[in-house]
Structures are given as C-alpha cells and as structure tokens.
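So you can see what is in the structure, the chains are spelled out below.
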Amino acid sequence: MSDTLWSIICLAGLWGFVACTILLILKAFPARDSFDRSAALKWGAGVLVCFVAWAVGMTQA
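Structural notes, computed from the coordinates. (Residues numbered from 1 in each chain as written. Predicted model: local features only at pLDDT ≥ 70, side-chain atom pairs only at ≥ 80, totals over all residues. Heavy atoms only, no water.)

## Description of unusual backbone geometry
Now for step 1: The residue Asp33 is not glycine, and still its phi comes out positive at about 60°.
Now for step 2: When you line up the elements, Asp33 lands in the loop between helix 1 (3-28) and helix 2 (37-60). (Helix = DSSP H or I, 4+ residues; strand = E, 2+ residues; numbered from the N terminus.)

## Some words on the environment of Ser38
Now for step 1: Mapped onto the elements, Ser38 comes out in helix 2.
Now for step 2: Ser38 sits in the exposed class, given a relative accessible area of 52%.
Now for step 3: Here the alpha-carbon distance between Ser38 and Lys27, two residues 11 residues apart in the chain, equals 9.6 Å.
Now for step 4: Among the polar contacts listed, one links the side chain of Ser38 to the side chain of Asp36, at a separation of 3.1 Å. (Buried < 20%, exposed > 50% of the residue type's maximum accessible area, 1.4 Å probe, protein only. Polar contact = N/O pair within 3.5 Å; in protein donor to acceptor, adjacent residues only side chain to side chain.)

Remember, this is a structural readout, not a statement about activity or role.
So, in structure tokens, the structure goes:
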C-alpha cells in the first residue's frame, strides 16, 4: 500500500482513539458513583481497535 493510505489510517486511528477515550469516560461514568459496564465494554473495545490501527499505521507509514 502507499504511504498516503497508511498515513490516513494512522490519523484515523489517532483521532478515533481520542474520540473513543473521551466517549468512554463520558458514557461509562454517567453519574457520580455510577458505572455502565456495557458502555465501558463498547467504548473500551473502540479504544483498543483505534489504538491498534494507530500503531500499525505508525509502523507502516
């Protein structure tokens, strides 16, 4: 693949990681002393997927 495509994957992974991390914090902890397990699993998986995409993009770009 071209370096441009890997750079796009890298940037998408980075911004996806940032967005999923923010949403994980906001959705998994909706109120004080409250934790939503299903939202945490969903957004936590998104964090991991985006982090892997960012790391792979960094090694290939």
